[in-house]
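Spelled out, the chains give:
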Amino acid sequence: VGFKKEESDALLNFLYDHIGKGADFHVRATYRPGTVVVWDNRVTAHTVVADYDKNIRRHHIRLTPQAEKPIPATEV
């Protein structure tokens, strides 16, 4: 908010690149029966790598906590 389009694009491209290539803050979970992985979608960029055994059944549940109201960037 408040940046020229060129500045905004440059900053966002930097941030997306940083998220995608910053190996010092990546987590790679290895799924085994009983594995539980939890993350907060408000502050996490995540993706799935489909390199697990397709014969092992995995169960996914999405939880949405009722926490404090998010503050939009326009109100900061």
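Above this text is the structure in question.
Residues numbered from 1 in each chain as written. Predicted model: local features only at pLDDT ≥ 70, side-chain atom pairs only at ≥ 80, totals over all residues. Heavy atoms only, no water.

(A) Local environment of the pattern of salt bridges. The full count for this structure, using the stated rule, is two salt bridges. A salt bridge links Lys5 to Asp9; the nearest nitrogen and oxygen atoms lie 2.8 Å apart. Residue Lys5 and its partner Asp9 are both found in helix H1 (residues 5–21); the two are separated by four residues, about one turn of the helix. Residue Lys21 is joined to Asp17 by a salt bridge in which the shortest nitrogen-to-oxygen separation is 3.0 Å. Here Asp17 and Lys21 lie together in helix H1, a separation of four residues that amounts to about one turn. Of the residues examined, Asp17 reaches a relative accessible area of 39% and is grouped as partly exposed. (Salt bridge = Lys/Arg side-chain N within 4 Å of Asp/Glu carboxyl O. Helix = DSSP H or I, 4+ residues; strand = E, 2+ residues; numbered from the N terminus. Buried < 20%, exposed > 50% of the residue type's maximum accessible area, 1.4 Å probe, protein only.)

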